[in-house]
Amino acid sequence: MTNWAGNVTYSTERVLRPRSVAEAQELIVAADSVKPLGTRHSFSLVADSVGALISTEHLDRIVEIGDETVTVEAGIRYGVLAAALDDHGVALLNFASLPHISVGGAIATATHGSGASNQSLAAAVSALELVDGDGTVRRFRRGDADFDGAVVSLGALGLVTSVSLDVVPAFDLRQYVFEQLPWPAVEAELDAILAGGYSVSLFTTWDEPAVGTVWVKTQDQLDLQSYFGATAATEARNPVPGAHPENATEQLGVPGPSYDRLPHFRLGFTPSSGDELQSEYIVPREHGAAVVAELRRLRSVVGPLLFVSEIRSIAADTLWLSPFFEQDSIAFHFTWQPRPAEVLAVLPQIESALEPFGVRPHWGKLFVGSAEGIAAAYPRLPDFRRLARELDERGAFRNAFLERYVFD
Ligand SMILES: Cc1cc2nc3c(=O)[nH]c(=O)nc-3n(C[C@H](O)[C@H](O)[C@H](O)COP(=O)(O)OP(=O)(O)OC[C@H]3O[C@@H](n4cnc5c(N)ncnc54)[C@H](O)[C@@H]3O)c2cc1C
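The structure displayed is predicted, hence computed values, not measured ones.

Trainee: Describe in detail the side chain of Thr39, supporting the description with residues and values.
Mentor: Looking at the element boundaries, Thr39 is found in the loop between strand E2 (34–37) and strand E3 (52–55). Among the polar contacts listed, one links the side chain of Thr39 to the side chain of His41, at a separation of 3.0 Å. Here Ser102 takes part through its backbone nitrogen, which lies 3.1 Å from a polar atom of the side chain of Thr39. Dropping the residues within four chain positions of it, Thr39 is found in contact with Arg77, His100, Ile101 and Ser102.

Trainee: Break down the pattern of salt bridges for me, citing the residues and quoting the values.
Mentor: When charged atoms on two side chains of opposite charge get close, those side chains can pair. Going through the model one piece at a time under the given rule, you end up with 17 salt bridges. A salt bridge links Arg61 to Glu73, with the shortest nitrogen-to-oxygen separation between them at 2.8 Å. Here Arg61, found in the loop between E3 and strand E4 (62–65), pairs with Glu73, found in strand E5 (residues 69–73); they are 12 residues apart in sequence, far enough to count as distant. In this structure, Arg138 and Asp132 form a salt bridge, with 2.8 Å as the shortest nitrogen-oxygen distance. Within the structure, one salt-bridge network assembled from shared partners comprises Glu280, Glu310, Arg312 and Lys365.

Trainee: Describe the packing of helix H6 (residues 288–297) against helix H8 (residues 340–354), with residues and values.
Mentor: Running from N to C, H6 and H8 cross one another at 145°; their axes reach a closest spacing of 10 Å. For the pair H6 and H8, the crossing hand works out as right-handed. Seen from H6, the contacting residues are Val291, Glu294, Leu295 and Arg297; seen from H8, they are Ile350, Ala353 and Leu354. In terms of residue class, the contact of H6 with H8 is built from five nonpolar, no polar and two charged.

Rules behind the numbers
Residues numbered from 1 in each chain as written. Predicted model: local features only at pLDDT ≥ 70, side-chain atom pairs only at ≥ 80, totals over all residues. Heavy atoms only, no water. Helix = DSSP H or I, 4+ residues; strand = E, 2+ residues; numbered from the N terminus. Polar contact = N/O pair within 3.5 Å; in protein donor to acceptor, adjacent residues only side chain to side chain. Contact = heavy atoms within 4.5 Å. Salt bridge = Lys/Arg side-chain N within 4 Å of Asp/Glu carboxyl O. Axes fitted to C-alpha atoms, helices over the stretch in contact; angles between N-to-C directions. Left-handed = near helix turned anticlockwise from the far one by under 90°. Nonpolar A, V, L, I, M, F, W, Y, C, P; charged D, E, K, R; others polar.

Below, the structure is given as structure tokens:
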């Protein structure tokens, strides 16, 4: 079996598919080595296992919808959940670029969207339940000791079976696309550009004369012909240059439910390009413009391998293994063409250019990195290791990725 992109063939064909927490407990106790699996959208080896994979495919129900919180089983996909929430008049605060991913997998890797004031999807977790290495059900609530270590878990602490997420009253957004944002504006006003709506994303290939498109998702009706020097698009676009606009959520300022505007891609369609690889690097917000300059410097190396790059803004959180831990951040994402050897050859160049800015890689996307670099970037890593030892004394949930970057 492979991941969604097909660049990872899991090291085992054994996939366990529990239909209840009790069944998950039995399967975990009986397994020597087991790794939780969501919807397989990660590009890195974070979800791999040599023993067995334990999928949340059948743990995908909504448990309870309230005015401030929704409780779900971890295997539910954001897009399915969001539509049900809308029927109850409530909404999630933010989304990733696609609604196809599971809640359990997204929070385990600190998956995020954009918005200067919006935190990652993991930061919306107010409580969770997991089955640990000896089959015991553990509960963590926001404010408990160790809660901040248990959310972005990389699947190292156990199988998360249910999650409570913050919700707010349902709200509408409008999506506008602007084209050809001048580089000098990006270098001088990046923070303001990214703060000009509820959620803002920039898409570029770095080697173009101006940033290709700016996607502004906002509650306001914009009558702007221009956004920081970029021109309003007059027809629908796809974030990936040349891809069909039909796959993308509605634009041109047509108001609609936030869950149908915040993801770039529609649930019923292939997100992004499809046959692709991805990497993403996160830096403190104050270094955003300097990183833009570095990546522009690398444009002749990076540009030819790209479908497109995305720049987003994410607010700080307190989750120990979150790339946004205690820092307002800017994320630099790369959707690569499916040329794995060439992409892997370029990543060290990007990582060394970004290293002086305290870069943290996205756990679910391709990076090279080192254990030393991860340890330097995550001050609470020793606490996470201690928590993992407590919850998984026998190391059943460890895999080569975790041994290399987390437990080394
Ligand atoms: C087209 C595309 C677009 C993307 N866009 C974005 C984006 O906009 N923003 C962003 O931040 N990321 C994005 N990603 C990356 C994606 O959000 C992450 O890789 C996320 O982890 C995928 O969730 P999943 O359910 O597929 O997890 P999987 O890949 O199945 O697993 C990822 C990790 O989560 C763990 N895990 C899964 N379920 C559980 C559970 N129930 N309990 C404990 N651990 C669990 C696994 O063990 C593994 O370590 C994108 C990926 C794709 C393919």
